[in-house]
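Read off the chains here:
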Amino acid sequence: MVETNLRFLRTLLIAVSFFVAFASALGSKPIISTSKPKGALPLFENGNVVASIHVDSNDYPGVVRAAHDLSVDFGHVTGHNMSLYTTQSDAHSLSQRTSIIIGTIGKSKLVDSLVLSKKIDVSKIKGKWESFQTQLVQNPAPGVSQALVIVGSDKRGSIFGIYEVSEQIGVSPWYYWADVAPRKHSSLYALNTKLVRGEPSIKYRGIFLNDEAPALAGWINANFPRGKYGPGFNHEFYSRVFELLLRLKANFLWPAMWDSMFGVDDPKNQETADFYGIVMSTSHTEPLQMSTKEWNTLGNGTWDYTTNSANIDKYWERGVSRAKNFENMWTVGMRGNGDNILSGTVVTELLQKVVSDQRKILSDVLGVRDVSKVPQVWCLYKDIQAYYEHGMRVPDDITLLWTDDNWGNVRRLPLANETNPAGMYYHFDFVGDPRDYKWINTVSLQKTWEQLHLTYERNARNIWVVNVGDLKPLELPIDYYLNLAYDYDTWGGIDKVIEYEKAWATREFGEDVAKEVADIVETYGFYAARRRYELVDPKTYNIINYNEAELVLEQWKNLTSRAEAVYAKLPAERKPAFFEMVLHPTKAAYIVYDIHVSSAKNNLYAYQRRSSANALAEHVLERFQDDHDLTQEYNTMLGGKWSHMMDQTHLGYNYWQQPMRNTLPPLAWTQLLENSLSGTMGVAVESSNGSVPGDDHFNSAEYNNNTLVLPQLDPYAPVQYRTIEIFARGTKAFDFKVSPHNPWVRVSPSSGHVDPRNPATDVKVKVSVDWNKAPAGHNVAFINITSSENYGNFDMPSVNLPIHKPSIPPSFHGFVESNKLVSIEASHASRKTKNGNVQYETLRNLGRTGDALTLFPVTCDKQNTASGPRLEYDLFLHTAPTYGANITVYLGAALNNNGPDRPLKYAISFDDAPPQEIQFIPDLDSPLAMPKGWDQAVSDGNVWKSVTQHKVGAVGKKILKLWALEPSVVFQKVVIDLGGVKDSYLGPPESVRL
Ligand SMILES: *[C@@H]1O[C@H](CO)[C@@H](O)[C@H](O)[C@H]1NC(C)=O
Ligand SMILES: *[C@@H]1O[C@H](CO)[C@@H](O)[C@H](O)[C@H]1NC(C)=O
């Protein structure tokens, strides 16, 4: 026993120390070390180059190019580039020092001879798509005693093998695009180990640059010389993108198209993509490698296939013949011009004819007899999905590219009888209804995982493409997405997101800060996804109920402080990357939240005639300046490397489209120069806009009623105090006293001084109750507030606090009602049941305010309330309204992704009543529409709020039961309203659990 434990410990220690010595690469085992374990091959030793690279000049030009990158990457890491020898020969001409041999099977004489002489076994990768292996080989050639041999099954296989080594020696794929500083090493060794990386999980994986103005377009125009034909989306720019994609082991691109023509802007673009090894395609709305802008500038006639098919066909023929020598994924089908709907009605036959004509063009121009061997994709974006659902026929070989709803919720996935190859077009950035989100990162990786896990498990694995807007600043989501697509086995499991975040943070910023950085970016995604920044305004978070707005602002403030603390600790060379990927978004979000929350408070304070409204207005103006300064900091950092990249406006949306300038919400000021009619002291309470003296038409119709009422307090309230605020109205300072009548009421502070010249001295008085002394049942406490100054014509202000001290049997365990509501995090069930292997799993940070629950496996059958997995929540109620309770279930969800027979449903039962089955996402009113309520759901951070009515019966113990009747139903939160729920964005805070 003892010995086993020691051995285990020793193994653990060795594992840990090895981990430190090895450079990091995401998701693969180490093949490079900075110290010299037994059998390792020196590449660099004590600052000296002791190796060189050999690649056959007959190998793919793209492989030779990547080998050149590797030689330069060694330079980044060690200070000396490694020599690269490109020869067209076999072993005999190898330099003595050659220690890295790179070659594609069938393209490298040396590699082929090693296979032939059985010095390497390539059976695991031969003939496979994009696979590679690396290993040490003894005496690979005369005079060479040992070499690291990198073998690719094909062109990209070799390239990925090369970049695997780059990453492991310490060059991040993001060294250029996010300024991740290469690690510095004086010694590097290749370990005596064999690494085999087989076929990627998703065959075609890549990004879509979209809506590229103002940020990316501005940056390009400032940094890349304008091409002969217009904007600077030229091959020099694209080379940077291709290289990034290959370093991330991706292979696919939809180029920028909002105001760009990939094939025309620079005639070298297409051949450069092919040279690098990127499979080019065109977006969902641009068939056959022709861009929308090309038609708009060069097309003849209207974009209408019913009247102008001859011209459109000719135009498509040009696209096919222009791209025919390169590696393509041909987009087929048709949408309306400018990415609009094709027609107001379902035009299935027309689309089928379009695709059949396109296939004829492909087969004619490419000169292939079997067009089904030509890779083609048909994207079922928006209305096109409706045509498909209405029977549009698609040839078997075409990849059906399913889509999300532009907001990260999968709309539909293949059914068992839909056997075309399938894929997913997903969004991290969007321009359109109900609002753009295109400023900074708003992506929750947990949500991304949940939706892409579903996508993968439901067999949409041929193409994954994600809309990434301007590329920056979405580095982290892009990195995650492409890692998941490349290596689903490593990253696809539940709870792997945080592991990925740690690995990412280790690679980019170092082991020492990785855990903290991972937690910061995880928390960031959780907060950011609650509502896209473009949709946040002063009304979003409630400023009077549940202290919601202030708590949310506090969260952003704390997160920013944590990011700033890491930034301060990092060595100078790692700061820029950290600023771009972690600190900037956190700080920028905090500023925007501060602007909205403080504007809301400013308006409320002016409404309450507070002097401090004015200082808040000043504060908002300062934060507006901070927002600008932070934008400038980004745009001017590193000598202006990212100029214009942060040009996106984000404050002052009036409708879905971006504001032309950043604009503050309306601010209000209180006149302080005249006497206040009610004296100098004002009083307000939580959950009320009103203030006294006067000005309280909410609490009372009486103009000079001076009593405010606090929300009821009981021993089970999640927050054990209520808040009174005391503030100045005017310019005069004063002293105040807060005097409760009842001995069991405590106030803190009970007296103080308010100085209107200093807004920080608006005073919050916490009112709490000594429950040991308070009387049982319902009572009201009275509190008087007096000032050293007069009250004008008004009486002394007073505050009432209703209290309730119920009795609960000591044996009860579960959630307790407070103030006519019970609020529950769905993940905090009292009990869960299973149905065979079908059960609930916890989805971290996927709830509204915590974790969420969903059914696993996501491929399971429809469930029912008799045998399906059930969640039970024990509750104790003191209120039993005769009209019953409204129960709101907060659900995160893909849309009804499983065909017409299986819309998403849950069931709910309260207190042993028969379960109610609820389809919470309605069927479509029209085939071209989104489901009713969708705008609200996506605006509210992808949450559907479903309300059911229930009888309550007597007070006491109750059980609430929930069933997810379909996979991909995600339970976030449950709120039982017995008449006490107040407005808020995130819902009431969770009830007390005994
Ligand atoms: C445009 O199309 C019309 C027929 O629709 C044809 O007569 C004309 O020659 C075309 N023009 C060009 C420039 O190809
Ligand atoms: C495929 O299955 C779904 C769900 O069972 C059904 O509604 C649909 O009609 C089927 N489609 C075909 C082409 O058989």
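Being a predicted model, the structure only gives us computed values, none of them experimental.

*Asks:* Explain the nonpolar core to me, and be specific about the residues and the numbers.
*Replies:* Grouped together as the largest cluster of nonpolar side chains are 185 residues, with contacts concentrated most on Leu43, Trp177, Ile207, Leu209, Phe237, Trp504 and Trp556. Residue contributions to this core peak at 14 residues, all from helix α19 (residues 575-607). Sequence-distant contacts of Ile207, that is, excluding residues within four places in its chain, are made with Val241, Leu245, Phe252, Leu253, Trp254, Val465, Val466, Val468, Leu471, Ile478 and Leu482. Membership of the second largest hydrophobic core comes to 59 residues, among which are Phe208, Val889, Ile976 and Leu978.

*Asks:* How would you summarise unusual backbone geometry if you had to cite specific residues and measurements?
*Replies:* That bond from Lys472 to Pro473 is cis: its omega, -5°, falls within 30 degrees of zero. Along the chain, Pro473 turns up in the loop between β18 (463-467) and α14 (475-486). Looking along the chain, the bond that leaves Ser748 and enters Pro749 is cis, with omega of -5°. As for its placement among the helices and strands, Pro749 is situated in the loop between β23 (745-748) and β24 (751-754). Positive phi, close to 80°, is recorded for Asn406, a residue that is not glycine. Within the fold, Asn406 resides in the loop between β16 (399-403) and β17 (422-427).

*Asks:* Can you explain empty space enclosed by the protein? Please cite residues and give values.
*Replies:* Under the counting rule described, the total for this entry stands at 15 cavities of 30 Å³ or more. Each pocket or cavity is described by its volume, and for the largest cavity that value is around 320 Å³. Ser444, Lys447, Ala529, Gly941 and Asn942 are the residues nearest the centre of the largest cavity, which is lined by 28 residues in total. Contributing elements (two or more residues each) for the lining of the largest cavity: β17, α13 (445-457), α17 (511-528), β34 (885-893) and β39 (969-977). Looking at the lining of the largest cavity element by element, the count peaks at 3 residues for α13. Class assignment for the residues of the lining of the largest cavity results in 10 nonpolar, 12 polar and 6 charged.

*Asks:* Describe the domain arrangement of the protein chain, naming the residues involved and giving the relevant values.
*Replies:* Here the protein chain is partitioned into domain 1 (2-197), domain 2 (204-494), domain 3 (496-669), domain 4 (681-805) and domain 5 (815-977). Between the C-alpha centres of domain 2 and domain 4 the distance comes to 60 Å.

*Asks:* Explain the site of ligand 2 to me, using residue names and the numbers behind them.
*Replies:* Close to ligand 2 lie Leu415, Asn417, Pro900 and Asp901. At a separation of 2.4 Å, an oxygen atom of ligand 2 approaches a polar side-chain atom of Asn417. Between an oxygen atom of ligand 2 and a side-chain N or O atom of Asp901, the distance comes to 3.1 Å. Across the shell around ligand 2, the residue classes tally to 2 nonpolar, 1 polar and 1 charged.

*Asks:* Pulling in residues and values, what's your account of the environment of Val521?
*Replies:* Tracing the backbone shows Val521 in helix α17. On the accessibility criterion, Val521 (7% relative accessible area) is buried. In this structure, the C-alpha to C-alpha distance between Val521 and Thr34, residues 487 residues apart in sequence, is 29 Å.

What counts as what
Residues numbered from 1 in each chain as written. Chains lettered and ligands numbered in written order. Predicted model: local features only at pLDDT ≥ 70, side-chain atom pairs only at ≥ 80, totals over all residues. Heavy atoms only, no water. Core = buried A, V, L, I, M, F, W, Y, C linked by side-chain atoms within 4.5 Å. Buried < 20%, exposed > 50% of the residue type's maximum accessible area, 1.4 Å probe, protein only. Helix = DSSP H or I, 4+ residues; strand = E, 2+ residues; numbered from the N terminus. Contact = heavy atoms within 4.5 Å. 1 Å grid on protein atoms, 1.4 Å probe; cavity = no way out; pocket = protein on both sides within 12 Å on 5 of 7 lines; lining within 4 Å. Points joined across faces, edges and corners; volume = space filled by probe spheres on them. Nonpolar A, V, L, I, M, F, W, Y, C, P; charged D, E, K, R; others polar. Domains from an automatic or database assignment. Near = heavy atom within 4 Å. Polar contact = N/O pair within 3.5 Å; in protein donor to acceptor, adjacent residues only side chain to side chain.

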